[in-house]
Protein chains: 2
Amino acid sequence: MRRLDIFGLLKRDMDFIEQELYGSINAEEPLVNETALHLLKAGGKRLRPVFVLLGGKFGNYDLERLKHVAVPLELIHSASLVHDDVIDDAQTRRGKPTVKAQWDNRIAMYTGDYIYGRALVMAAELRNPEIHRILSKAMVQMSIGEMEQIRDFFNCEQTVRNYLLRIRRKTALLIAISCQLGAIAAEAPREVSRLLYSYGYNVGMAFQIQDDLLDLFGSEKQIGKPPGSDMRQGNITLPVLFALQEEDIRDELLREIGDIHQADGQGDATRAIALIKKSGGSAKAEALADRYIQKALDALDQLPNTKSKKTLRDIAHFITKRSH
Amino acid sequence: MRRLDIFGLLKRDMDFIEQELYGSINAEEPLVNETALHLLKAGGKRLRPVFVLLGGKFGNYDLERLKHVAVPLELIHSASLVHDDVIDDAQTRRGKPTVKAQWDNRIAMYTGDYIYGRALVMAAELRNPEIHRILSKAMVQMSIGEMEQIRDFFNCEQTVRNYLLRIRRKTALLIAISCQLGAIAAEAPREVSRLLYSYGYNVGMAFQIQDDLLDLFGSEKQIGKPPGSDMRQGNITLPVLFALQEEDIRDELLREIGDIHQADGQGDATRAIALIKKSGGSAKAEALADRYIQKALDALDQLPNTKSKKTLRDIAHFITKRSH
């Protein structure tokens, strides 16, 4: 999803946000600047700021105000990614950790803390306590989601409901409040921000389900890493859970996942992926993602017809087609 | 510094804060509850809430309002300690990390993030953007301080100014804003909160210098770990920097620190500590701590005479005597 293709409408404003993003993490301390800037420059789709700006279009669109939620939301997302990296780094390193590796991990953790802090400083400048409350609550839920993911590693007995609750916290909530806070910062009517929250939540759920499908069935070129890395890490996703519900698949799939678990991150997921493909798990996950997209579109339908609404619809359609 | 001895005045209110502290981290998720509660129950002096309440006594003392800064400040302090532990854990573990160890580290990092989030949620309930701004800025500075500490590990060329800037960020700032925010939440006059900030800042600086002296010269029983653990970790503190300024000590001390560095956390600091003791480094550090305490007392002198002021003076005196 290249930014310029889909977000031509917002190009100039997003360039401004990009600059503000860099400006926001500016520190007098060179080391901090280096690590935090490096991170942000690694890029990303800037999906959350895009949602903020599109949400803002439903009220008094004022970029100077909107940046105070657009930038913090991207920062919070980035900080959560750095903290994920700290963890991943630690896991793949074998044998005695090098000083260099240690250093990086320490720095990465505090870089995450620093970026969270910067996000909150920038949001506080808006002097709107409701925005602060919503942002802080999202941070709480995200950290619970991360812990739940760890708790549920290699747990094949977890329910589909567990999975959905987890991705709600990990992904959907931040996208939901991106849409919502854009509208709130632009002083749009309460009903509009509520509908945008619903749109964002459902799009976020679909987005994560598609992401989990891609991790299993995408090509290495498409996803930038060998397929099945979620499973090797212990992250049991929706297609796996659906496949485990099928009696003729379950036992063999459990054995494969057990072997992968034993191999401690180095196992081969090819056979497990083939089993899931053979099962109805993949199609059922796709269908659930589509249902979330449909709910997102239903929420959109109740909003006034604007250019921004059309873009939000395009984004929803784009997400459904991501893995095809 | 047992809480009950010195803070008899506040005993009942501190018991209330203690309960609120536990209540604040309550999560529907059992795993989160377990780790976060475990942490808080490990205790501590609750110095930051004490400063908040004492600061609040200079305005309209309202415990229901004050808890919204007292609890977040203790939570931010606790979260920063968890993140320190993540790091320490990683450093002392040799060879291939066990799954169990990994688990703990991941959980510890996200427990820290969770507690930061809870702190901000509780502070946001006060609906005072200034308080949010001050808290967020402190979080930013604290993370920079932690990164500076890592950057300066085993750097014997760092200046005393470097050290002072670092402990300002790491320790003094949070104590300063504890005193300040107590006054702000109680709507005390601006000049009062400014003086309390100054008191807290100077007490915080003295506190950290004394802590660093204790780490070198305290008994194992007194500090709960073998002396010199800062140095083994690479943390070059004020007495060391002062000792390095003495020509007849410098070369031998540099060699000792070099050896400790080589030993990667397992070195023997006995000889280095003896050298620092022989030098004037320890006395010079004590003298600087005393100067900070004097500045704290000067700020106090300008505040109205209250019982709370007397307690703040007692705390300042207590800190100077900590290492004797």
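Residues numbered from 1 in each chain as written. Chains lettered and ligands numbered in written order. Predicted model: local features only at pLDDT ≥ 70, side-chain atom pairs only at ≥ 80, totals over all residues. Heavy atoms only, no water.

Draft legend 1. Representation of the overall build of chain A. Scanning chain A from N- to C-terminus turns up 16 helices and 0 strands. Relative to its length of 324 residues, chain A is compact, with a C-alpha radius of gyration of 20 Å against a globular reference of 20 Å. Taken along its principal axes, the extent of the C-alpha atoms in chain A is 55 × 50 × 30 Å. Here chain A holds 324 residues, and the buried ones make up 61% of them. Sequence-distant contacts in chain A: of pairs separated by 6 or more residues, those separated by 24 or more amount to 75%. If you sum the accessible surface of chain A, you get close to 13,100 Å²; carbon and sulfur atoms cover 49% of it. (Helix = DSSP H or I, 4+ residues; strand = E, 2+ residues; numbered from the N terminus. Rg over C-alpha atoms; globule rule 2.2 N^0.38 Å. Buried < 20%, exposed > 50% of the residue type's maximum accessible area, 1.4 Å probe, protein only. Contact = heavy atoms within 4.5 Å. Areas by Shrake-Rupley, 256 points an atom, 1.4 Å probe, with all protein chains shown as cover.)

Draft legend 2. Layout of the packing of helix α13 (residues 247–262) of chain B against helix α14 (residues 270–278) of chain B. All names here are of chain B. Viewed as axis vectors pointing N to C, α13 and α14 meet at an angle of 155°, and their least axial separation amounts to 9 Å. By the criterion of interaxial angle, the relationship of α13 to α14 is roughly antiparallel. Seen along the crossing, α13 lies across α14 with a hand that is left-handed. Where α13 approaches α14, its residues I249, E252, L253, E256 and I260 are matched on the opposing element by R271, A272, L275, I276 and K278. Here the contact of α13 with α14 is composed, by residue class, of 6 nonpolar, no polar and 4 charged. (Axes fitted to C-alpha atoms, helices over the stretch in contact; angles between N-to-C directions. Parallel < 35°, antiparallel > 145°, perpendicular 65-115°, else oblique. Left-handed = near helix turned anticlockwise from the far one by under 90°. Nonpolar A, V, L, I, M, F, W, Y, C, P; charged D, E, K, R; others polar.)

Draft legend 3. Expanded view of unusual backbone geometry. All names here are of chain B. Within the chain, R46 stands out as a residue other than glycine whose phi angle is a positive 55°. Mapped onto the fold, R46 is located in the loop between α3 (30–41) and α4 (47–56). Of note, E187 is a non-glycine position whose phi angle comes to about 55°, a positive value. Judged by relative accessible area, E187 falls into the exposed class, the value being 56%.

Draft legend 4. Inspection of the environment of A:G56 at higher detail. Residues and elements named next belong to chain A. The topology assignment puts G56 in helix α4 (residues 47–56). Using a relative accessible area of 0% as the deciding quantity, one classes G56 as buried. Once the C-alpha coordinates of G56 and S178 are considered, the two residues, 122 residues apart in sequence, prove to be 9.9 Å apart. Other than its neighbours up to four places away in sequence, G56 contacts Y61, L66, G182, A183 and A186.

Draft legend 5. Expanded view of the environment of B:D85. Mapped onto the secondary structure, B:D85 falls in helix α5 (residues 63–92). For the pair B:D85 and B:G265, spaced 180 residues apart in sequence, the C-alpha separation works out to 15 Å.

Draft legend 6. Structural context of the packing of aromatic side chains. Residue and element names in this part refer to chain A. With the rule as written, the count across this model stands at 2 aromatic pairs over all chains. Ring centres 6.0 Å apart and planes at 70° place the aromatic pair F51 and Y199 in the edge-to-face group. Here F51, found in helix α4, pairs with Y199, found in helix α9 (residues 190–217); they are 148 residues apart in sequence, far enough to count as distant. With respect to burial, F51 and Y199 carry one shared label: buried. It is K57 that lies over the ring of Y61; its NZ or CZ is 3.9 Å from the centre. (Phe/Tyr/Trp six-rings, centres within 6.5 Å; stacked < 30°, edge-to-face > 60°. Lys NZ or Arg CZ within 6 Å of the ring centre and 35° of its normal.)

Draft legend 7. A look at the nonpolar core. Counting residues in hydrophobic clusters, the biggest one holds 226 residues, and the most contacted among them are A:Y199 and B:Y199. Once residues lying within four places of it in the same chain are set aside, the contact partners of B:Y199 are B:F51, B:C179, B:A296, B:A299, B:L300, B:L312, B:I315 and B:A316. (Core = buried A, V, L, I, M, F, W, Y, C linked by side-chain atoms within 4.5 Å.)

Draft legend 8. Representation of the environment of B:D13 within the structure. Residue and element names in this part refer to chain B. Checked against the element boundaries, D13 lands in helix α2 (residues 11–24). On the basis of relative accessibility, which here comes to 16%, the residue D13 falls in the buried class. Once residues within four sequence positions are removed from consideration, D13 is found in contact with L53, Y61 and L63.

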